[in-house]
Amino acid sequence: AQSVTQLDSQVPVFEEAPVELRCNYSSSVSVYLFWYVQYPNQGLQLLLKYLSGSTLVKGINGFEAEFNKSQTSFHLRKPSVHISDTAEYFCAVSDEAQGGKLIFGQGTELSVKP
Amino acid sequence: NAGVTQTPKFRILKIGQSMTLQCTQDMNHNYMYWYRQDPGMGLKLIYYSVGAGITDKGEVPNGYNVSRSTTEDFPLRLELAAPSQTSVYFCASWTGVNSPLHFGNGTRLTVT
């Protein structure tokens, strides 16, 4: 069965600093990877997804992620964070392209301080 | 558009009580899902539906039931509430084409 591990439960960072949120997944023949963001008291929103093609995926709000098949990783990065990026971030995997049956990681709480 | 609407937002239940969590979407999506979110555990799939009249179990279905009589509605039923069902429940829908899941804002349920 698929599994996802987010290596950091909390990441504190100062405003305008770069950030990387780490995600590893269990290996599979075909895998589709997603990052979702959850702002307080809201549902989840899709940040970006990897289905195939270029391993560097760009998403909304200046985030990007790199699919690394040899290391089974899909780390999320942003070169300069803003206070408004404070939220919880979830990495997720599916074995169905664009499917809604997702296996989620435990979540990483990003806290951006002024 | 309202998107995915969940009611109620909050609920406190006593052990053994029953309740239905409501989920409605106005986007004519065929696919709908129920997830539960526990602190430090991410989200886990409870049940899903690929269209009216069709439902199937997800990863953690025990203690829950669903029905899908219309495209719009996908209620989640708890028959005998237990403390282990204390969680935040999210409903989501999806078109089945190149688009993301649309999540509701969640129902926070406490069972005491």
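Residues numbered from 1 in each chain as written. Chains lettered and ligands numbered in written order. Predicted model: local features only at pLDDT ≥ 70, side-chain atom pairs only at ≥ 80, totals over all residues. Heavy atoms only, no water.

Caption draft 1: Summary view of unusual backbone geometry. With omega at -5°, the peptide bond leading from T7 of chain B into P8 of chain B counts as cis. With respect to the helices and strands, the residue P8 of chain B is situated in the loop between β1 (4–7) and β2 (10–13). You will see that N41 of chain A, though not glycine, has its phi angle at about 60°, which is positive. Mapped onto the elements of the fold, N41 of chain A is located in the loop between β5 (32–38) and β6 (44–50). Looking at N41 of chain A, the relative accessible area reads 69%, which means it is exposed. The phi torsion at N28 of chain B lies on the positive side, around 60°, for a residue other than glycine. As for its placement among the helices and strands, N28 of chain B is situated in the loop between β3 (19–25) and β4 (31–38). (Helix = DSSP H or I, 4+ residues; strand = E, 2+ residues; numbered from the N terminus. Buried < 20%, exposed > 50% of the residue type's maximum accessible area, 1.4 Å probe, protein only.)

Caption draft 2: The pattern of salt bridges, seen in detail. This model, assessed by the stated rule, comprises 8 salt bridges over all chains. Of the charged contacts in the structure, one is a salt bridge between E66 of chain A and R77 of chain A, with a shortest N-O distance of 3.6 Å. Separated by 11 residues along the polypeptide, E66 of chain A in strand β8 (residues 64–68) and R77 of chain A in strand β9 (residues 73–78) bring together distant segments of the chain. Accessibility expressed as a relative area gives 35% for E66 of chain A, which makes it partly exposed. Notably, a salt bridge pairs R77 of chain B with E79 of chain B, separated by 3.3 Å at the nearest N-O pair. Overlapping salt bridges bring together E20, E66 and R77 of chain A as one network. (Salt bridge = Lys/Arg side-chain N within 4 Å of Asp/Glu carboxyl O.)

Caption draft 3: Expanded view of the interface of chain A and chain B. Listed as interface residues are 20 residues of chain A and, on the opposing side, 21 residues of chain B. At the junction of chain A with chain B, the criterion picks out 0 salt bridges. Taken together, the connections running from chain A to chain B amount to 4 residue pairs in polar contact (both at pLDDT 80 or more). Secondary-structure elements contributing two or more residues to the side of chain A that touches chain B are β5, β6, β10 (87–94) and β11 (103–104) of chain A. Element by element, the count of residues in the side of chain A that touches chain B is highest for β6 of chain A, at 3 residues. The residue inventory of the side of chain A that touches chain B, partitioned by class, reads 8 nonpolar, 9 polar and 3 charged. (Contact = heavy atoms within 4.5 Å. Polar contact = N/O pair within 3.5 Å; in protein donor to acceptor, adjacent residues only side chain to side chain. Nonpolar A, V, L, I, M, F, W, Y, C, P; charged D, E, K, R; others polar.)

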